[in-house]
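What the coordinates show
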Amino acid sequence: MDMSLVRLKIKGISYSQTQNGAYALILNEVEGDRKLPIVIGAFEAQSIAIALEKEIKPPRPLTHDLFKNFADRFDIVVKQVIIHKLVDGVFYSSIICERDKIEEIIDARTSDAIALALRFNAPIFTYKTILDKAGIFLKFSSKDKDKEEGDDSIVVDEILQEGETVEIDSASSAPYKELTLEELHRELDKAVAGEDYEKAAQLRDEISKRKR
């Protein structure tokens, strides 16, 4: 059995348009093309999205931000996260922490572990055996790529219905296409102040498109 570690990076996060509450997180191997799809809850999806989007600053700390503040105060550092087991479609992870040069391993849900890894800028790994078992390739034709957002959502829905997950970057920013850039920034500020981070992420995506 090959127990070598493979480093992963976050490829995207989105939600299923047909299944309420079903979010999909895609991890991509750094030195390869395989994706590791993981189903996560709405709260964890929100927390991961906020950590990824540096422009969105919550007025109050979320649970994972609070953990980071607590850890910083007591000189605890998250060194890395390892997705170490896959059983019946459920991924199990460990958070490797260090304090006073003493290393500790803490069991965690994968979604929580990744949310914390982002806040500590800690690397994310899995074992090659897990990637061999659950990793997938996403292939798009040139025609598909022209309509990437919609196609991604369809792929996500189809795979979620089978009890798995898949997703690349996509956002439902269509309702905001008629707004000016200034109006988008105003709405973004309101959404963040009101802690509506899903709306904030959609607004930020529309703003990003305008800047390209």
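To start, this report covers the structure provided alongside it. Since the model is a prediction, treat every value here as computed from it, not as a measurement.

1. With respect to the overall build of the protein
Counting its secondary structure elements, the protein contains 8 helices and 7 strands. Burial statistics for the protein: of 212 residues in total, 44% are counted as buried. Contacts spanning at least 24 positions in sequence make up 57% of the contacts within the protein whose residues lie at least 6 apart. In the structure as shown, the protein presents an accessible area of about 12200 Å², 49% of it carried by carbon and sulfur atoms.

2. Regarding the pairing of strand S3 (residues 35-40)
With 5 of 6 residues buried, S3 is to be regarded as a mostly interior element. Two elements, strand S2 (residues 23-29) and S3, share 6 bridges in a ladder whose sense is antiparallel. From the neighbouring strand, Leu-25 faces S3, where its bridge partner is Ile-38. If you look at the hairpin formed by S2 and S3, you'll find 5 residues sitting between the two strands.

3. Things to note about the pattern of salt bridges
Under the defined criterion, the tally for this structure stands at 10 salt bridges. Put simply, Arg-109 and Asp-112 hold a salt bridge, and the shortest N to O gap is 3.0 Å. The shortest N-O distance in the salt bridge between Asp-132 and Lys-128 comes to 2.9 Å. Taken as a pair, Asp-132 and Lys-128 lie in helix H4 (residues 128-134) at a separation of 4 residues, close to a single helical turn.

4. What about a nonpolar patch on the surface?
A cluster of nonpolar residues, Val-87, Val-90 and Tyr-92, forms a patch on the protein surface that exposes about 210 Å² of accessible area. If you trace the backbone, Val-87 turns up in strand S4 (residues 77-87).

5. Examining the side chain of Ser-93
Looking at the element boundaries, Ser-93 is found in strand S5 (residues 90-99). Once residues within four sequence positions are removed from consideration, Ser-93 is found in contact with Ile-82, Ile-83, His-84, Ile-106, Asp-107, Ala-108, Thr-110 and Ala-113.

6. As for the packing of aromatic side chains
According to the stated counting rule, one finds 1 aromatic pair in the structure shown. Residues Phe-70 and Phe-74 carry aromatic rings whose centres are separated by 4.9 Å and whose planes lie at 40° to one another, so their mutual orientation is tilted. A relative accessible area of 40% places Phe-74 in the partly exposed class. The ring of Phe-120 has Lys-68 lying over it, and the distance from NZ or CZ to the ring centre is 5.0 Å.

7. Topic: the packing of helix H1 (residues 42-52) against helix H3 (residues 110-120)
Direction vectors running N to C along H1 and H3 enclose 15°, while the axes themselves pass 9 Å from each other. Regarding the angle of H1 to H3, the classification is roughly parallel. Between H1 and H3 lies a crossing whose hand is left-handed. Each of Glu-44, Ser-47, Ile-48, Ala-51 and Leu-52 in H1 lies in contact with H3, whose residues at this interface are Ser-111, Asp-112, Ile-114, Ala-115, Leu-118 and Arg-119. Partitioning the contact of H1 with H3 into residue classes produces 6 nonpolar, 2 polar and 3 charged.

Definitions and limits used
Residues numbered from 1 in each chain as written. Predicted model: local features only at pLDDT ≥ 70, side-chain atom pairs only at ≥ 80, totals over all residues. Heavy atoms only, no water. Helix = DSSP H or I, 4+ residues; strand = E, 2+ residues; numbered from the N terminus. Buried < 20%, exposed > 50% of the residue type's maximum accessible area, 1.4 Å probe, protein only. Contact = heavy atoms within 4.5 Å. Areas by Shrake-Rupley, 256 points an atom, 1.4 Å probe, with all protein chains shown as cover. Pairing = 2+ DSSP bridges. Salt bridge = Lys/Arg side-chain N within 4 Å of Asp/Glu carboxyl O. Patch = residues over 30% accessible without salt bridge, like charges linked within 9 Å, V, L, I, M, F, W, Y side chains within 5 Å. Phe/Tyr/Trp six-rings, centres within 6.5 Å; stacked < 30°, edge-to-face > 60°. Lys NZ or Arg CZ within 6 Å of the ring centre and 35° of its normal. Axes fitted to C-alpha atoms, helices over the stretch in contact; angles between N-to-C directions. Parallel < 35°, antiparallel > 145°, perpendicular 65-115°, else oblique. Left-handed = near helix turned anticlockwise from the far one by under 90°. Nonpolar A, V, L, I, M, F, W, Y, C, P; charged D, E, K, R; others polar.

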